[in-house]
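Survey of secondary and tertiary structure
Here is how the chains run, residue by residue.
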Amino acid sequence: MPPLEREATRLRSLIDDADAIIVGIGSGMSSAAGFNHYNRAGMARAGMADWQQAFGFKSLFDGFYHLYPSLEQQWAYYARYIDFMLREPASQPYLDLRSLIGHKDYFILSTNVDTQVEKTFPAERTCNYQGSFAHLQCKQPCCDELFDASPYVERMLAGMAGFEVRSEDVPRCPHCGWQLVPWVRDDTFLQGAAWRENLGRYERFVRERGSSSSMLLLELGVGEMTPGIITLPFWSMTAKLPDAHLLSVNISGDSAPLQLGSKAEAIQADLSTLLSAARTGNCSMLKPPC
């Protein structure tokens, strides 16, 4: 059996045999979908070539973390970047994953902030641990409140000139007047009611299914930047739960933790190719060939 066919068959088999599934989604999943925030290809996909040329940004995150001379310029970049993520529909790898696990009892734990998870899966089955660009928060924060980013972004784009938004369009907190910022993980990240509700859903799922179910822990495109969110907890659950199995899929590595023995395995593959093959059961038309 060709490698891709064997790996796709193994993925389907593990999903079918599980009573419950926890999927940990990292940046590799969105990269497989074409949302690469770490290189020039992502700049092109987002239509940010003008910013790349003017400022020398090598990636979307270069622009996001750049120290701009003014809020008007900073928010011009933010508005364009957030607008791109809000407008993009759910991508094929996410849709393929939904097709594969939608009939099962599952939960999604994600460190991605690009809105792909919430566009694909119901909120009651997801935890966006690092937040989401779909929302803004007070930078202080003075309040436990999240604000829909869409109307702010639309107003900024409508009044934007060159690489600046109008001063009056910089998002401000309606309670204290301080600026709003994207609700994504940094030193002011709001771990308020919405975040606790996200985390609570995940913790309940683990608590209610863990000890009495055949549990599949599925890591998709999880890197090493934040191991304490997905990787290490997944290892711990695999070791502790009597009927748990860990499958890690990543384009850059194919080794499972040795201490977990036969309870863990890994597949090195492009996620878009593997998920498509697993969904269709046919890898004959995919590249690289099976």
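Just so it is clear, the model here is predicted, and its values are computed rather than measured. (Residues numbered from 1 in each chain as written. Predicted model: local features only at pLDDT ≥ 70, side-chain atom pairs only at ≥ 80, totals over all residues. Heavy atoms only, no water.)

As a further point, take the overall build of the chain. What the chain contains, in helices and strands, is 12 helices and nine strands. Against the 2.2 N^0.38 benchmark of 19 Å for 290 residues, the chain shows a C-alpha radius of gyration of 20 Å, consistent with a compact globule. The principal-axis extents of the C-alpha atoms in the chain amount to approximately 60 × 40 × 30 Å. Each of the 290 residues in the chain was classed as buried or not, and the buried ones make up 51%. (Helix = DSSP H or I, 4+ residues; strand = E, 2+ residues; numbered from the N terminus. Rg over C-alpha atoms; globule rule 2.2 N^0.38 Å. Buried < 20%, exposed > 50% of the residue type's maximum accessible area, 1.4 Å probe, protein only.)

So, on to the nonpolar core. Ranked by size, the top nonpolar core spans 66 residues in total, and within it Leu11, Val23, Tyr77, Leu97, Ile101 and Ile108 carry the most contacts. It is helix H6 (residues 71-87) that provides the largest number of residues to this core, a total of nine residues. Filtering out sequence-adjacent residues up to four positions away, Ile108 remains in contact with Val23, Ile25, Leu97, Ile101, Val117, Phe121, Arg125, Thr126 and Cys127. With 24 residues, the next largest nonpolar core counts Trp195, Leu199, Phe205 and Val222 among its residues. (Core = buried A, V, L, I, M, F, W, Y, C linked by side-chain atoms within 4.5 Å. Contact = heavy atoms within 4.5 Å.)

A few words on the confidence of the model for the chain. Of the residues in the chain, 97% reach a pLDDT of 70 or more, and the chain-wide mean stands at 93. This stretch, residues 284-290, has a pLDDT under 50; its non-local contacts, to residues over four places away or in other chains, come to nine contacts. (pLDDT = per-residue confidence, 0-100.)

Mapped onto the secondary structure, Phe55 falls in helix H4 (residues 49-55). For Phe55 and His66, which are 11 residues apart along the polypeptide, the C-alpha to C-alpha distance reads 9.6 Å. With residues up to four places along the chain from it excluded, the contact list for Phe55 reads His66, Gln73 and Phe163.

Below, the discussion takes up the packing of helix H1 (residues 3-17) against helix H12 (residues 271-280). Two elements in contact, H1 and H12, have axes separated by 8 Å at closest approach and are oriented at 65°. Taken together, the axis directions place H1 and H12 in an arrangement best described as roughly perpendicular. As for the relative orientation of H1 and H12, their crossing is right-handed in sense. Here Leu4, Glu7, Ala8, Leu11 and Arg12 of H1 come into contact with H12, specifically with Thr273, Leu274, Leu275, Ala277 and Ala278. Here the residues of the contact of H1 with H12 sort into seven nonpolar, one polar and two charged. (Axes fitted to C-alpha atoms, helices over the stretch in contact; angles between N-to-C directions. Parallel < 35°, antiparallel > 145°, perpendicular 65-115°, else oblique. Left-handed = near helix turned anticlockwise from the far one by under 90°. Nonpolar A, V, L, I, M, F, W, Y, C, P; charged D, E, K, R; others polar.)

Another aspect to go through is the state of the cysteines. The full count for this structure, using the stated rule, is zero disulfides. Looking at the unpaired Cys143, the closest cysteine sulfur is the one in Cys142, lying at 3.9 Å. Of the residues examined, Cys143 reaches a relative accessible area of 15% and is grouped as buried. (Disulfide = S-S within 2.5 Å.)

Throughout the structure, instances matching the rule amount to 27 aromatic pairs. A cation sits over an aromatic face here: Arg45 above Phe35, 4.4 Å from the ring centre. (Phe/Tyr/Trp six-rings, centres within 6.5 Å; stacked < 30°, edge-to-face > 60°. Lys NZ or Arg CZ within 6 Å of the ring centre and 35° of its normal.)

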